[in-house]
Amino acid sequence: MASRVETPALRPVPFGRVGNGVIAALGVLVLWGLAAWIYQLTQGLIATGMRDVVSWGLYIFTFAFFVGLSAGGLIMASAAEVFGVKSLRPLSRLGVLTAAACVLVAAMTIIPDLGNPQRVWELFRYPNWSSPLVWDIVIIVVYFVFAVTDLTIMSRRTMEPSKRAKALRAMAYAGLPAAVLLHSITAWIFGLQVSRPWWNTSLMAPLFVTSAILSGTALIALAALAARRFDKIELPKETWSALATLMATAIAVDLFLVACDYITILWGNVPRERAALDLILPGGSWQALFWLEWIVGGLVPFVLLVVPRYRRRFDLLAIASVLVMVGVYAFRIELVVGGMLRPLVHLAPGNALGSYRLGSAVFQFDGVYHPTWVEYAIVTALFAFLSLLIVVGYRWLRPVERER
Amino acid sequence: MAATETSKKWGMVIDQNRCVGCWTCAVGCKEINNEPLGFWWNRILTASASEVTGESSPAAAAPASDSIDVPHGTFPNVDMAYLPTACQQCTDAPCVKVCPVGATFRRDDGAVLVDYERCIGCRYCMAACPYGIRVFNWGDAKQPVDFTVGFGQDYRTDGRLVFTPDRPRGVVEKCTWCVERIDNGEQPFCVEVCPVGARVFGDLADPTSEVAQLVEEGGATQLLPDLGTDPRVFYLPVDRERRV
Amino acid sequence: MSITRRRFVQGSAAGVGMLSVAGGLRYLEKASPAEAGDVLGKETVFRTGHSNNCDGACGHQVKVVDGRIRLVTSAAFTAKTIGGQAAPKFDPRICLRGVSQIQNTYSPDRVKYPYKRVGARGSGRWERISWDEATATVAEQFKAIQAKHGKKSVWVAPYTGSLSILEGVVGAGFRFASAIGASAGDFEGDNQGDSASPAGWNYLLADPEGTAGGIFDGHESTDFLNSKVIVLWANNVAETSIPDWRIIADAQKQGTLVVSIDPRFTPTSARSDVWLPIRPGTDTALLDGIMNYVLQHGAYDAAYLKAYTVAPFLVDAATKKFRKQGKSYLVVDAADGAVKPIEKAKSPDLFGETDGASSALKLLKDELAQYTPEKVASITDLEPRQVVQLADLWTKNNPVGIRTGFAISHWYRGDLTMQAMLTLQALTGNIGVHGGGVTTFAGGLTTTAFDLGNWWAPKGTEMFTVLEPMEACDAMLKGKPYPVRAAWFMVDNYAQQMSDKNKVRKALESLDFLVVSDYVMSATADLADIVLPACTYLEKTDLLSSNNFYLQYMPKVIDPLWESKSDLEAITMVANKMGVGKYFDKSADDYLKEILHIGDPKADGNVNGLTWEQLTTSAPHLNTPTMPYVPFFDKKFPTKSGRIEFYVEMLVPYEQQLPGYKPQVEAYKENPLGKKYPLTFLSTHTRFRTHSQFVNLPWLKEINNGGDGFLEINPADAKPRGIGDGDIVKVFNDRGFMKVKARLTEGIKPGVVNCYQGGWDTIKVKHYVEGHPNNLTHQIANPAQSVIPNFRSNAAYYDCLVQVEGA
């Protein structure tokens, strides 16, 4: 019979003044977002910049982004176990923590997007099983429970090590497909719709999963870098190297998939399929997204992660991680907005806006979207809340082992 | 509160040879439904008659302009046709498939309706609709007069609230085929007010009805037919042979 | 005053809107909470006619619940005449403007109270006054000015803003003018651009001396179902008379060919079978070419010409007049070659010639011989083969009906164009036959159904003096033919809709006193000394029978909102204060009974047998001599000769006795002014408003570019000027300028630009960036029209040259 291993009592990471200051600042942002949401509840969604043509905006971009972060975290954590990438093992618990936190905040992100949030209970009373949104709700719930369970197992010091190891292994094998499924279903919310040729590609799920891995890994890298900087956690060189390699590979695969999509559209030259791409490619009115995805979030971090001189520098790793997240967020914007800028039936005078302002046109021929302060405030609050969860979770769960 | 007519198979045909883009059906729709400012369930799109562009389907040619009434082509070889576009009342409606709470549903007679009391305002149906015909109550309704016009009262089908003149905020809405009127033996209002007789509404299951005949033999087409939504709204395309 | 009126209304008979407890008040307060939600209050349904200025004359079914109008939709017409004969089914008839009328009647832009000017004229500063004070002021001022400058120095100007009987174009304003001996603005041939073609109509078909100055008539719109070919000559039916398009489309279904002749590719052109983008202003040349082709190919209707026209009549080469023997016209008898009176000729020679005289037809043929397809093409910018193809429609089809809009009349030579059209129709036997004719306007107002003579000049008064709108400016500015020092405008937006807006403004500013009745603060009201709040068609009793032959009783659906009153009421108040109240002491219904001679066995045949019950509970068709109505179906023409006089003797002094092409006064190719101002400026009518009414309705503004005007311009003209879609441009000539956004379209002929008329240029509301289309137009009168007194002057809006540049 194996002896019960005694592990040191769990002691929260001490936060200094700086740490508490950060927590306070994040708290303020969260409160500010809450105030904005209350304001939005009094006005209706007209307080946002969304209208009938571009009817999904910042909230949905952010939702998809958070789901991606979540899925990525768990994939990375599970891959360490399933594919035996030992160098990533030290980050497993961190990965599960971020996965749990991100999926929770993702679910929260949907609420401000609803016109009638008080009716959200109907999702559980009247689910329409043909709807990818319902599948997404299901998988999010399952996934969240799964991640929390995983985290609990990982953090329980009273469990027998071998039993724990076995449980974690099982979780990893279950977690990997769960994470892939999570973000694939989210992809299918868009990818299955024949109404938007820009969305309607079978590449959507692979693309989402890849960008999830990419952004999730970047998040974990940033968290690990923060732990190194503020908690003096030292990780083995191989771990950092594995992170960089994983991210670089994910960038390459991601851009490869995107390039496949572009080539398919451009060569086929079908007008309705080109409509969105023409707006996003250089020269189009939304070309900023192209540059963000390919250069800022693509080529630059790729170089930083591949060139030996750069990849071993922690500051550049941090920069690369941030750039990667920016690039993936830009991809989310590009996806949603690109699908909505040019309706399939694109004829004068365009679509009605669903709102009225004296002196402004009621119809919009090409979609226009300018988010308002309300949306920025709420989304910032959600990012802040996510950071808070990770920081607090880190503080209490000590997910990263010190190198022994 | 009329019971759902399960024996009928409603259909509508819009004749592009007669439609002159006058917007009477669209404005009439606003009147009968007390639609707020900024809302148009029905829009009259300026399209090509396919004479100059040669396209086969009404919406296929690229738009000539973002302004209405601007023809395709180059003077003097120009053409123009109008495409009144509202809910296509699809048989295989993507909006019905994606609504997470089943607020959008399809009756047996083909009418696709929105339950105002169930809609959570997620706007997935708007993303899923290929025709862009759904409108959302972003805020409180703004009206040009401060009293209700049109049909003026709530209407339920099978207990579900599918029309209300005073809009609740945060729900999606769209053309209802004037469900409160068709359940009562009347025509949709757009059909009644069309000054040129470009609209026909009736029972596709009745082979003697005008709609059935136009769909069977009249060469009626659908909008974006390759998407498989199988709309119950049909269009008679412009007869290019007539042109001298 | 208003309280008395309210009580009167509550006590009146059925036909008045039901008043709930709260509904007795004006539309000042919000609708009561009880009105929202599921339960409907008391509902009443009315049938009325829409008397606004589009000549669609639709029937409206209006639903009122709890004192508010809830729905306006199309009403049924009775498919029977007064006498019980079958009449065509005429409904549904309504358009986007009709279904928007609730917004018009309940508009926040309504003038709510009477106002008097404080501050300079046109400064926009007003003081609210009572009706009593307002009408007293009007009465005082009119009396004083008439005493000082003569009775005719007061000009009463009711116009086409309402086409009903008691108000507007044939309304009580004229009765008032007769009662006080004033001059008055208009007659059945309104002339802000709509008199040229009626003048031309009379040249051939009516002797002004025998028809009290001239008449105008046309085919009932349903008659076009009988045409084999319908030529929509400058007639954008699909935007301007939308319900009539149903008839055209039905005809197409039967196999009728529809031709659209228009420099713009309108919705009408888009649905027609042929579109000919003619150079604007050259229509006469095209008609000459068709006639020449018909004559050269012998495809004229010889029997018709012999029987019903002056074709065989000999015209003296020296006097240029018909040769007569006593009262008889002389012809050459082909049987024996001798010259004799037409009654005695066995076989009148259509091309007869004798010493010093030729037949009218011979003269016509000679005059038109130069209009070969090539020559016509060079004038009209069409291709020769198009001219031939068009002409062949007449040689191969019968009947051919022409529907021509007032667009033809918006030209200096509109009279000549109509003259040519009628000549062509006479040549081909298309006048007075079902499916033929030249129709611009038809309907009850053109018949003798209404006793307008007694309505306008009741016993004890003398008929007012006619002073046409275009003459009024000179009367105001120069005192010719007599001074006009005061004016009362009703349903008339003269200051904006009349051509040469800058001149009109000067004229109105020079007046001693100006009173305007309107339901919005129009550009004319802006300049007034007294503004009287008028009401809309839903708030007063009237009768509509314009441009169709159905009688549509218009009951008062709701009480006038705020302190508005019908023009009849306003006139009554002023009349009482001027001592002529005895001519205004009856109710609206009583006047209608008089005008229709209800119950009088000697009533005009058109309305004989009409009962009040029939009038108020149905919408019957007049008893017309043929069904659908065709003018001159009996081929009896009220001309001097009793025939179609395509050789117009009275025009000899103007060298216009035959319809040979003459260039317009400004917009013609050879005009040297064209070097400076190379573009022809049109200001056509859009479906989104009716002249200057309904411009402000929110629903219509939403779909009409937010209400902002724009200039249609072909890219071929825009690109060399560096003008892009949406750019602001300046449109200008020597008379004035305007600024507006450009809309590039291939649907307009290069060399032609168009800015829809009717948008507002008032102190508070501007639909164009700066200025107004009528800043560019002129008031040059065509002296030839003076031979038809009722149609003697005309505003030629489209006969206008401009230059356009980026602003």
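Residues numbered from 1 in each chain as written. Chains lettered and ligands numbered in written order. Predicted model: local features only at pLDDT ≥ 70, side-chain atom pairs only at ≥ 80, totals over all residues. Heavy atoms only, no water.

## What about the pattern of salt bridges?
Throughout the structure, instances matching the rule amount to 57 salt bridges over all chains. Taking the shortest distance from any N to any O, the salt bridge between D250 of chain C and R18 of chain B comes out at 2.5 Å. With D250 of chain C in helix α7 (residues 244–254) and R18 of chain B in the loop between β1 (10–15) and α1 (24–33), the pair connects residues from two separate chains. D250 of chain C sits in the partly exposed class, given a relative accessible area of 26%. The shortest N-O distance in the salt bridge between E117 of chain B and R156 of chain B comes to 2.8 Å. Taken together, the residues E117 of chain B in the loop between β7 (112–114) and α3 (124–128) and R156 of chain B in strand β9 (residues 155–157) connect sequence positions 39 residues apart. Judged by relative accessible area, which is 39%, E117 of chain B ranks as partly exposed. Here the residues in one salt-bridge network are R279, D381, K669 and K749 of chain C, joined through shared partners. (Salt bridge = Lys/Arg side-chain N within 4 Å of Asp/Glu carboxyl O. Helix = DSSP H or I, 4+ residues; strand = E, 2+ residues; numbered from the N terminus. Buried < 20%, exposed > 50% of the residue type's maximum accessible area, 1.4 Å probe, protein only.)

## Re the sheet that holds strand β13 (residues 328–332) of chain C
Residues and elements named next belong to chain C. Ordered in space as β12-β13-β14, the three strands form an open sheet in which the pairing is antiparallel. Since the sheet does not close on itself, it has two edges, and those belong to β12 (324–325) and β14 (339–341), each with one partner. In this structure, β13 lies alongside β14, joined through three bridges in antiparallel fashion. Each bridged residue has a counterpart across the sheet, and for V332 the counterpart in β14 is V339. (Pairing = 2+ DSSP bridges.)

## Topic: the side chain of T176 of chain B
Residues and elements named next belong to chain B. Along the chain, the position of T176 falls in the loop between β11 (172–173) and α4 (179–182). Take T176: its relative accessible area is 4%, and that puts it in the buried class. In this structure T176 touches W41, Q89, L113 and V162, once residues within four positions along its chain are discounted. (Contact = heavy atoms within 4.5 Å.)

## Side note on the side chain of D254 of chain A
Within the fold, D254 of chain A resides in helix α8 (residues 237–268). In this structure, D254 of chain A is in contact with L207, T210, S211, L214 and E293 of chain A, ignoring residues within four places of it in sequence.

## Here's the deal with the interface of chain A and chain B
The interface of chain A with chain B comprises 53 residues on the first partner and 53 residues on the second. Of the roughly 4300 Å² buried between chain A and chain B, counting both surfaces, carbon and sulfur atoms make up 58%. A per-residue breakdown of the area chain A buries against chain B is headed by V345, L347 and Y356 of chain A, which together make up 15% of the total. Here D226 of chain B ties to R272 of chain A by a salt bridge, and the two come within 3.0 Å at their closest N and O atoms. For the pair chain A and chain B, the interface holds 38 residue pairs in polar contact (both at pLDDT 80 or more). Broken down by secondary-structure element, the contributors of at least two residues to the side of chain A that touches chain B are α1 (17–43), α4 (122–125), α5 (132–155), α6 (161–191) and β1 (351–352) of chain A. Here the residues of the side of chain A that touches chain B are counted per class, giving 29 nonpolar, 17 polar and seven charged. (Buried area = accessible area lost by both parts, 1.4 Å probe. Polar contact = N/O pair within 3.5 Å; in protein donor to acceptor, adjacent residues only side chain to side chain. Nonpolar A, V, L, I, M, F, W, Y, C, P; charged D, E, K, R; others polar.)

## Examining the pairing of strand β10 (residues 160–163) of chain B
Residue and element names in this part refer to chain B. Bridge analysis of β9 against β10 gives three bridges, and the strand direction is antiparallel. Directly across from R156, in β10, lies its bridge partner L161. Where β9 folds back onto β10 in an antiparallel hairpin, the turn is made up of two residues, including D158, whose phi is positive at roughly 50 degrees.

## What to know about the nonpolar core
The biggest cluster of nonpolar side chains holds 324 residues, and the ones touching the most others in it are W23 of chain B together with F142 and F176 of chain C. In contact with W23 of chain B, not counting residues within four places along its chain, are P349 and F363 of chain A, W40, N42, R43, I44 and I68 of chain B together with L96, R687, F688 and I703 of chain C. Judged by nonpolar contacts, the second largest core, of 115 residues, contains M291, I431, F646 and Y798 of chain C. (Core = buried A, V, L, I, M, F, W, Y, C linked by side-chain atoms within 4.5 Å.)

## Re a nonpolar patch on the surface
Residue and element names in this part refer to chain A. Taken together, the side chains of W291, I295, L299, V300 and V303 define a hydrophobic patch exposed on the protein surface, amounting to about 390 Å² of accessible area. Here L299 is to be found in helix α10 (residues 287–306). In this structure L299 comes out as partly exposed when scored by relative accessible area, which is 48%. (Patch = residues over 30% accessible without salt bridge, like charges linked within 9 Å, V, L, I, M, F, W, Y side chains within 5 Å. Areas by Shrake-Rupley, 256 points an atom, 1.4 Å probe, with all protein chains shown as cover.)

## Regarding the interface of chain C and chain B
Taken residue by residue, the interface counts 63 residues in chain C and 57 residues in chain B. A combined buried area of about 4900 Å² lies between chain C and chain B, and 56% of that area is made up of carbon and sulfur atoms. Where chain C touches chain B, the interface holds three salt bridges.

## Some points on the sheet that holds strand β15 (residues 353–354) of chain C
All names here are of chain C. With antiparallel pairing, three strands are arranged side by side in an open sheet as β11-β16-β15. Two strands lie at the open edges of the sheet, namely β11 (314–316) and β15, each paired on one side alone. Where β11 and strand β16 (residues 357–359) come together, three bridges link them in antiparallel fashion. For V315, the partnering residue across the bridge sits in β16 and is S358. Helix α11 (residues 360–368) rests against β11, β15 and β16 of the sheet, and its axis sits at about 85 degrees to β16. (Axes fitted to C-alpha atoms, helices over the stretch in contact; angles between N-to-C directions.)

## Describing the pairing of strand β20 (residues 486–490) of chain C
Residues and elements named next belong to chain C. Most of β20 sits inside the fold, with five of its five residues counted as buried. The side-chain alternation of β20 yields two buried faces, one formed by A486, W488 and M490 and the other by A487 and F489. Bridge analysis of strand β6 (residues 154–158) against β20 gives five bridges, and the strand direction is parallel. Looking at the pairing, A157 lines up with F489 of β20.

Function-wise, these values are silent; they only describe arrangement.
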